[in-house]
Amino acid sequence: MKKFITLLLTICSLNLCFAQNQNPSNTPLTITIEDAVNLALENNLSIKQSKMDLEILALKDKYSWNSASPSFNLSIGANGSNSTTFKEGSIDSSSFGWSISGGVSLNLTPALFTAIKSAKLAYEAGENTLEMTKRNIELQVRKTFYSLLYFNENLELQQRNLETVKQTYESNLRKYNQGRLDELNLLKSQYNYESKIPTIETLKSTYETNLNNFKLVLGIDLSEELKLTGSLDEALNVTLDESILEQNVDEIPSIKTTKMSIETALNAYTASKYSAYGPTISFSVTDNISKSDRTIGGNKSKGDVGNNLSYSANVRIPLDGYLPWSNSKINMASQEESIEKMKQSLEDAKVKAKLSIKNTYTQIKQAKVQLELLEKSVELTQKTYDMSKRAYDVGSSDILSLQTAEDNLASAKYNVTNQKYTIISGILDLENTLGLPFGTLNQLAN
């Protein structure tokens with residue numbers, strides 16, 4: 001009996017463990033907006049590739065001085081011969097020799113300093129590119145997440161509206177069967193109900209397609225059931241004031257990127273000047289050790305070991321840079337012009353950035369005022385619908401008036417949901433333009 005009970009408990013434990021292991025596959029994966037962002041940042045291919053690029057740039061920056069490193073070479077050689085002379089008998093002769101040669105050379109140019117700075121600037125640009133890639137992916141994920149919430153709320157709204165017109169149709173059907181409603185009004189309510197069903201099915205299909213595309217961005221298996229938790233109202237808890245317009249434009253990501261491009265162009269211009277006017281110093285040292293042995297008629301003579309050391313030092317001073325028609329002079333003039341244009345574009349970008357921030361701020365404020373009006377419109381259309389429904393039930397209103405009230409109420413609710421998403425998108429765009437961490441404005445409001 002003890003053995004039987006033990007076996008029974010073991011089987012039950014195994015079944016429980018198996019059920020627990022199988023349960024995750026049947027449980028929807030519930031994620032918040034922050035969970036979605038973390039998944040995307042971890043799995044996104046563009047971010048992984050940007051990180052790989054940054055690793056190479058870090059390696060180049062670490063060894064950017066390598067152009068000043070001496071160049072070494074080593075060569076080892078051997079040679080020999082074997083011959084026979086037929087004169088009053090045969091005489092065999094042979095020789096064998098070897099040599100070892102080694103050298104070192106070094107070239108020093110003023111461009112070494114610009115090469116080191118260029119590698120450093122390239123690494124900083126790579127860091128900026130990685131950060132911009134992360135921000136773009138996060139912006140995409142956050143907008144998509146809220147668009148799915150918006151889409152889902154709209155779908156629920158349409159389903160509730162469908163349920164309302166269905167109840168109206170069923171009520172009319174009972175009235176018709178009781179002889180209290182004519183067939184024409186019954187057919188109108190039936191058409192009003194059935195015509196909305198394909199729209200609901202299309203919305204469901206579109207939502208599933210968008211959700212699957214979102215899974216791909218997050219790196220989630222398409223067979224995984226995904227459930228988004230959150231609401232549009234939570235993201236709307238934002239209070240904006242005019243202090244946001246005083247943000248330092250030099251810290252805006254787009255402006256920082258432009259300034260880095262100008263700095264890179266200035267460094268390239270300095271490198272061109274060094275190449276056009278700066279001297280190049282070259283050093284080289286070569287040492288050659290050789291030995292050759294010879295054997296004639298069985299008599300071997302040993303050769304001496306030879307050592308040949310040579311060295312050189314040169315200074316090369318370019319003069320083409322002083323000639324106004326030379327390519328180097330023309331190239332430098334072209335670089336100067338490009339840098340000046342970039343500086344002008346930078347100032348223009350600062351003005352446009354300020355204008356964009358102000359416009360976005362104004363649009364959000366106006367959209368929030370519009371949202372309040374739309375919410376009041378929902379209250380009004382709800383009351384209108386309730387009155388139309390009571391009037392229709394007592395027979396003092398026709399079916400067309402009721403259907404119009406139903407459509408107006410559904411449209412008013414949809415406009416509110418759409419306006420909420422518009423405000424959320426504007427807030428995300430404003431945070432992205434300012435370079436603020438996403439959710440900062442929402443946190444300030446709390």
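This text goes with the structure placed above it.
Conventions we followed
Residues numbered from 1 in each chain as written. Predicted model: local features only at pLDDT ≥ 70, side-chain atom pairs only at ≥ 80, totals over all residues. Heavy atoms only, no water. Helix = DSSP H or I, 4+ residues; strand = E, 2+ residues; numbered from the N terminus. Buried < 20%, exposed > 50% of the residue type's maximum accessible area, 1.4 Å probe, protein only. Contact = heavy atoms within 4.5 Å. Areas by Shrake-Rupley, 256 points an atom, 1.4 Å probe, with all protein chains shown as cover. Expected span 1.5 Å × (residues − 1). Salt bridge = Lys/Arg side-chain N within 4 Å of Asp/Glu carboxyl O. Phe/Tyr/Trp six-rings, centres within 6.5 Å; stacked < 30°, edge-to-face > 60°. Core = buried A, V, L, I, M, F, W, Y, C linked by side-chain atoms within 4.5 Å. Axes fitted to C-alpha atoms, helices over the stretch in contact; angles between N-to-C directions. Parallel < 35°, antiparallel > 145°, perpendicular 65-115°, else oblique. Left-handed = near helix turned anticlockwise from the far one by under 90°. Patch = residues over 30% accessible without salt bridge, like charges linked within 9 Å, V, L, I, M, F, W, Y side chains within 5 Å.

## Brief notes about the overall build of the protein
Assigned secondary structure in the protein consists of 11 helices and 7 strands. Considering the protein as a whole, with its 446 residues, one finds that 30% of them fall into the buried category. Within the protein, residue pairs in contact and separated by at least 24 positions form 79% of the contacts whose partners lie at least 6 positions apart. Per element, the accessible surface of the protein, about 28000 Å² overall, is 54% carbon and sulfur.

## Structural notes on helix H4 (residues 111–177)
Counted at 1.5 Å a residue, the expected span for H4 with its 67 residues is 99 Å, and the 96 Å between its end C-alpha atoms agrees. Positive backbone phi, at 80°, marks Gly179, one or two positions downstream of H4.

## Section: the pattern of salt bridges
For the structure on display, the rule yields 13 salt bridges. We note a salt bridge from Asp407 to Lys196, for which the minimum N-O separation is 3.4 Å. Of this pair, Asp407 sits in helix H10 (residues 399–434) while Lys196 sits in the loop between helix H5 (183–194) and helix H6 (197–218), placing them 211 residues apart in sequence. With relative accessibility at 17%, the residue Lys196 sits in the buried group. The partner of Lys352 in a salt bridge is Asp348, and the shortest N-O contact between them spans 3.2 Å. One end of the pair is Lys352 and the other is Asp348, both in helix H9 (residues 327–393) and 4 residues apart, which spans about a single turn. Given the relative accessible area of 52%, Lys352 is considered exposed. Given the relative accessible area of 37%, Asp348 is considered partly exposed. Linked through salt bridges whose partners overlap, the residues forming this network are Glu34, Glu138 and Arg142.

## What to know about the packing of aromatic side chains
This model, assessed by the stated rule, comprises 7 aromatic pairs. Taking the centre distance of 6.0 Å and the plane angle of 10° together, the rings of Tyr169 and Tyr193 count as stacked. Taken as a pair, Tyr169 in helix H4 and Tyr193 in helix H5 lie far apart in primary sequence, 24 residues in all. Take Tyr169: its relative accessible area is 15%, and that puts it in the buried class. Ring geometry for Tyr277 and Tyr322: centres 5.0 Å apart, planes at 65°, overall edge-to-face. Linking Tyr277 in helix H8 (residues 253–277) with Tyr322 in the loop between strand S7 (306–316) and H9, this pair joins segments that are 45 residues apart in sequence.

## Some remarks on H8
Turn by turn, an α-helix covers 3.6 residues, leaving residues three or four places apart pointing in a common direction. With 25 residues, H8 extends 36 Å between its outermost C-alpha atoms, agreeing within 8% with the 36 Å of an ideal straight helix rising 1.5 Å per residue. In this structure, the buried side of H8 is in contact with H4, H9 and H10.

## A closer look at the nonpolar core
Grouped together as the largest cluster of nonpolar side chains are 70 residues, with contacts concentrated most on Val141, Phe145, Tyr146, Phe214, Leu218, Leu228 and Leu441. With 14 residues, the top contributor of residues to this core is H4. Ignoring anything within four residues of it in the chain, the contact list for Phe214 reads Ala36, Val141, Thr144, Phe145, Leu148, Leu226 and Leu228. In this structure, Ala265, Tyr269, Ala276 and Ile339 belong to the second largest nonpolar core, which totals 5 residues.

## As for the packing of H9 against H10
Packing of H9 against H10 brings their axes to within 8 Å, and their N-to-C directions diverge by 160°. Classed by the angle they form, the pair H9 and H10 counts as roughly antiparallel. Relative to H10, H9 is oriented so that their crossing is left-handed.

## Focus on a nonpolar patch on the surface
Residues Leu74, Ile76, Phe96, Trp98, Ile100, Ile289 and Val305 make up a contiguous nonpolar surface patch of about 690 Å² in total accessible area. At the level of elements, strand S2 (71–86) and strand S3 (90–108) are the ones that each hand at least two residues to the nonpolar patch. With 3 residues, S3 is the single largest residue contributor to the nonpolar patch. Tracing the sequence through the fold places Phe96 in strand S3.

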